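# What the coordinates show
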Amino acid sequence: VMGDLTEVTGIVLSAMPVGEYDRRIVLLTRERGKISAFAKGARRQNSPLVGITRAFVFGTFQVYEGRTSYTIKQAEISNYFEPVVTDLESVCYACYFAELADYYGRENLDASVMINLLYAALKALSNVHIPKKLVRCIYELRLIAVNGEAPDFFNCRRCGGKEELSAYVPSESGFVCGNCRKGMQTESRALTASTVYALQYIVSSPLGKLFTFTVSQEVLGELDGVISQVRRQAVDKTMKSVEMLDENSF
């Protein structure tokens, strides 16, 4: 039984074959959050659903709402992210970005901010001026921040001061200043001032300015170290796509 026809705007996170000719996709939508939808006959060569039911397409989807899932009738795609899907390294990153969005996505939870972030990150992957590893760092930390799980990058976790923040302490989930760090026994990670600033910038700047800067290799290494730790504390799931990225050392 077909339910009511409804329109959702969003991005396809993943697509998998079902049966002989169908596909099931996971959509992150503005209106309904994360939903599953079936595309009947989408794997038949002449199906109008072929191109619109693959990962990383963004557009408006007309879906019938069933009791437990949705069925796609048609879609208007506004971005296929061609430069991403035609480059292996970019695809590996995009798969990971989508998997992380899938982890945080919930049905009936407004996903507008997450969609806009994912869209901007996918666009940034094809920008030759920004290293893909930096795009990954920005996306990971901002997504964790959007979901309310970012460390405090603006105050010393010991004295509350805002000056000379110089080390990240995983167990304190934030920075400590040079003074408080002196007698500390716990594990801490020394950071340059540029890295401290970059971490503050990633969690607080407007979305439009997020993917507009680059950093030195040294700062990128420090960012990657801190954000990997933050991710391990926030995300309690092994991401298949992360392992793929790390194995290929992208």
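Read on for a plain summary of the structure. (Residues numbered from 1 in each chain as written. Predicted model: local features only at pLDDT ≥ 70, side-chain atom pairs only at ≥ 80, totals over all residues. Heavy atoms only, no water.)

### Some points on the packing of helix α2 (residues 88–104) against helix α4 (residues 132–146)
- Viewed as axis vectors pointing N to C, α2 and α4 meet at an angle of 5 degrees, and their least axial separation amounts to 11 Å. It follows that α2 is roughly parallel to α4 by the angle criterion. Counting all contacts with α2, which are made through Glu89, Ser90, Tyr93, Tyr96, Phe97, Leu100, Ala101 and Tyr104, the residues of α4 involved are Lys132, Lys133, Val135, Arg136, Tyr139, Glu140, Leu143 and Ile144.
- In terms of residue class, the contact of α2 with α4 is built from ten nonpolar, one polar and five charged. (Axes fitted to C-alpha atoms, helices over the stretch in contact; angles between N-to-C directions. Helix = DSSP H or I, 4+ residues; strand = E, 2+ residues; numbered from the N terminus. Parallel < 35°, antiparallel > 145°, perpendicular 65-115°, else oblique. Contact = heavy atoms within 4.5 Å. Nonpolar A, V, L, I, M, F, W, Y, C, P; charged D, E, K, R; others polar.)

### Remarks on the nonpolar core
- Judged by nonpolar contacts, the single largest core of 67 residues is most densely connected at Phe97, Tyr139, Leu199, Phe211 and Leu223.
- A per-element tally of this core places α2 first, with ten residues.
- Leu223 has contacts with Leu134, Cys137, Thr195, Ala198, Leu199, Ile202 and Val215, leaving out every residue within four places of it along the chain. (Core = buried A, V, L, I, M, F, W, Y, C linked by side-chain atoms within 4.5 Å. Buried < 20%, exposed > 50% of the residue type's maximum accessible area, 1.4 Å probe, protein only.)

### Section: the pairing of strand β8 (residues 174–177)
- Looking at chain direction, strand β6 (residues 152–156) and β8 are connected through two bridges and run parallel. Bridge pairing in β8 links Cys156 to Phe175.
- Pairing geometry for strand β7 (residues 165–169) and β8, over four bridges, is antiparallel. Considered in β8, the bridge of Tyr168 is made with Phe175.
- If you look at the hairpin formed by β7 and β8, you'll find four residues sitting between the two strands, and Ser173 has a positive phi there, around 50 degrees. (Pairing = 2+ DSSP bridges.)

### With respect to the pairing of strand β3 (residues 33–39)
- Bridging between strand β2 (residues 22–29) and β3 involves seven bridges; their strand directions are antiparallel. Its bridge partner lying in β3, Thr29 is registered against Gly33.
- Between β2 and β3, which pair antiparallel one after the other, the connecting turn spans three residues.
- With two bridges connecting them, β3 and strand β5 (residues 70–79) associate as parallel partners. Counted as the bridge partner of Ala37 is Tyr70 from β5.

### Some details on the pattern of salt bridges
- Applying the stated criterion to the full structure yields ten salt bridges.
- A salt bridge links Glu99 to Lys237, with the shortest nitrogen-to-oxygen separation between them at 3.4 Å. Linking Glu99 in helix α2 with Lys237 in the loop between α8 (217–234) and α9 (240–247), this pair joins segments that are 138 residues apart in sequence.
- By relative accessible area, Glu99 is classed as buried at 13%. (Salt bridge = Lys/Arg side-chain N within 4 Å of Asp/Glu carboxyl O.)

### Digging into α9
- Listing the buried residues of α9 in full gives Ser241, Val242 and Leu245. Burial along α9 is one-sided: seen end-on, the buried residues are contained in an arc of 105 degrees. Exposed side of α9, more than 90 degrees from the buried face: Lys240 and Glu247 are the residues found there.
- On its buried face, α9 sits against α2, α4 and α8.
- Positive backbone phi, at 45 degrees, marks Ser249, one or two positions downstream of α9. (Arc of directions from axis to C-beta.)

### Focus on the sheet that holds β3
- Taken in spatial order, the five strands close into a barrel running β1-β2-β3-β5-β4, and their pairing is mixed. Across the sheet, the mean angle from the axis of one strand to that of its neighbour is 50 degrees, orientation sign disregarded.
- Sheet strands touched by α2: β1 (5–18), β2 and β3. Its angle to β1, the strand with the most contacts, is close to 120 degrees.
- In the packing of helix α3 (residues 112–125) onto the sheet, contacts are made with β1, β2, β4 (58–65) and β5, and the angle to β1 comes to roughly 55 degrees.

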